[in-house]
Amino acid sequence: MIKKAIIPAAGYGTRSLPITKVLPKEMFPIKGKPSIHYIVEEAVESGIEEILIIVSKYKNLIVDYFDVSLELEAFLESRNKAYLLDKLVLPKVHIQYTRQPYARGLGDAILLGRSFAGNDPFAVLLPDDIIINQGANATKQLIDLYNTVESPVIALKYMKDELLHKYGVVDITSQEGQVHHLKSIIEKPKHSPPSNLAVVGRYIMTPDIFDCITVKSGEFGEEIQLTDAICKLMANRACYGYEIEGDRFDIGIEEEYLQLIRYIHGLENPI
Ligand code: G1P
């Protein structure tokens with residue numbers, strides 16, 4: 001059973017500057033709620049009971065948002081606006097926070113969740129990726145596969161050639177419908193991507209991933225990629241990719257963020 005989830009939300013949001021100097025992109029509004037609210041809701045709907053959000057010192061708004069605001073509640077009650085209290089209802093889940101002191105990559109952020117995960121498998125939800133599906137949500141789709149294979153599972157989507165350099169791209173050994181048996185992953189391949197199957201921001205990880213997370217010298221100094229760790233893990237055990245159903249919107253891309261807002265407001269068909 002997957003009951004825990006880690007949401008890494010410590011990045012600088014460089015693609016969305018200058019607003020992200022002061023407003024974390026996880027707080028970008030979508031129909032009056034911050035985008036991370038949808039991520040937490042997805043986790044809760046898929047059966048998650050405990051969430052660890054990895055923040056940085058610039059992300060206090062996230063912590064404030066998921067806190068109760070007693071003054072505001074009292075104010076609404078005193079002004080006969082109790083009907084607005086519904087708007088303050090938060091997803092029913094226990095959330096805790098850890099700060100990532102240095103922006104050293106996704107692997108580093110996940111490593112901070114080691115004691116939170118303990119010996120349990122856990123979900124990872126990247127808050128840039130909002131995935132909307134009429135049926136089971138993306139995390140639930142991965143959990144359903146995990147419950148059968150009891151091995152790490154990664155969400156995949158087919159992408160056009162020209163987009164692959166922005167993603168982790170998998171190489172597979174075999175495929176059965178939407179399920180792919182993974183051979184390796186290359187993070188943001190500059191040339192010759194091994195397939196058109198890109199990693200999108202949902203993962204089910206097992207605790208043995210933590211021993212595979214190591215520092216390496218990257219283009220911009222020390223970095224710790226989750227992709228490299230998953231690749232290492234594949235040497236020891238089977239890992240699966242699942243072509244998820246649903247429409248994915250990257251809120252770090254202005255056009256997709258706008259599409260998402262129109263979609264949630266019922267103004268646009270899925271892309
Ligand atoms: C991260 C992962 C990458 C994955 C992507 C999905 O990259 O490192 O493997 O394909 O998320 O959104 P980022 O977008 O954080 O650079």
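Residues numbered from 1 in each chain as written. Predicted model: local features only at pLDDT ≥ 70, side-chain atom pairs only at ≥ 80, totals over all residues. Heavy atoms only, no water.

**Student:** Describe the side chain of E243, and please don't skip the residues or the numbers.
**Tutor:** Within the element layout of this structure, E243 appears in strand β14 (residues 240–243). One buried charge, E243, has no salt-bridge partner; the nearest side chain with opposite charge is K157, at 7.7 Å. Here H180 takes part through its side chain, which lies 2.6 Å from a polar atom of the side chain of E243. Not counting residues within four places of it along the chain, the set of residues in contact with E243 comprises L156, Y158, Q175, G177, Q178, H180 and L197. (Helix = DSSP H or I, 4+ residues; strand = E, 2+ residues; numbered from the N terminus. Buried < 20%, exposed > 50% of the residue type's maximum accessible area, 1.4 Å probe, protein only. Lys, Arg positive; Asp, Glu negative; His and termini not counted. Salt bridge = Lys/Arg side-chain N within 4 Å of Asp/Glu carboxyl O. Polar contact = N/O pair within 3.5 Å; in protein donor to acceptor, adjacent residues only side chain to side chain. Contact = heavy atoms within 4.5 Å.)

**Student:** A description of the environment of K183 should follow, citing residues and the corresponding values.
**Tutor:** Relative to the assigned elements, K183 resides in strand β10 (residues 179–187). K183 sits 179 residues away from K4 along the chain, and the two C-alpha atoms are 26 Å apart. With near-sequence residues (within four places) excluded, K183 lies in contact with D171, I172, T173 and M234.

**Student:** An account of the nonpolar core is needed here, citing residue identities and associated values.
**Tutor:** I36, I51 and I53 are the most contacted members of the largest nonpolar core, which totals 47 residues. Once residues within four sequence positions are removed from consideration, I53 is found in contact with I7, A9, I36, I62, F66, I95, Q96, Y97 and T98. (Core = buried A, V, L, I, M, F, W, Y, C linked by side-chain atoms within 4.5 Å.)

**Student:** Please give an account of the site of the ligand that cites residues and values.
**Tutor:** Every residue close to the ligand is listed here: L126, D129, Y167, G168, E187, K188, V199, Y203, T227 and R248. Residue G168 places a main-chain N or O atom 2.9 Å away from an oxygen atom belonging to the ligand. Take E187: an N or O atom from its side chain is 2.7 Å from an oxygen atom of the ligand. Notes on the ligand: free accessible area 380 Å², of which the protein chains cover 79%. (Near = heavy atom within 4 Å. Areas by Shrake-Rupley, 256 points an atom, 1.4 Å probe, with all protein chains shown as cover.)

**Student:** Summarise the packing of aromatic side chains; cite the residues concerned and give the values.
**Tutor:** Centre distance and the angle of the planes are the two values used to describe a pair of aromatic rings. Summed over the entire model, instances satisfying the criterion amount to five aromatic pairs. Between F122 and F210, the ring centres sit 5.4 Å apart and the planes meet at 15 degrees, which makes this aromatic pair stacked. Placement of the pair is F122 in strand β6 (residues 122–125) and F210 in the loop between β11 (197–205) and β12 (216–218), with a sequence separation of 88 residues. The exposure class of F122 is buried, given its relative accessible area of 0%. Accessibility expressed as a relative area gives 3% for F210, which makes it buried. The cationic tip of K4 hangs over the ring face of F116; the distance from NZ or CZ to the ring centre is 5.7 Å. Above the face of the Y38 ring, K33 is positioned so that its terminal group lies 5.3 Å from the ring centre. (Phe/Tyr/Trp six-rings, centres within 6.5 Å; stacked < 30°, edge-to-face > 60°. Lys NZ or Arg CZ within 6 Å of the ring centre and 35° of its normal.)

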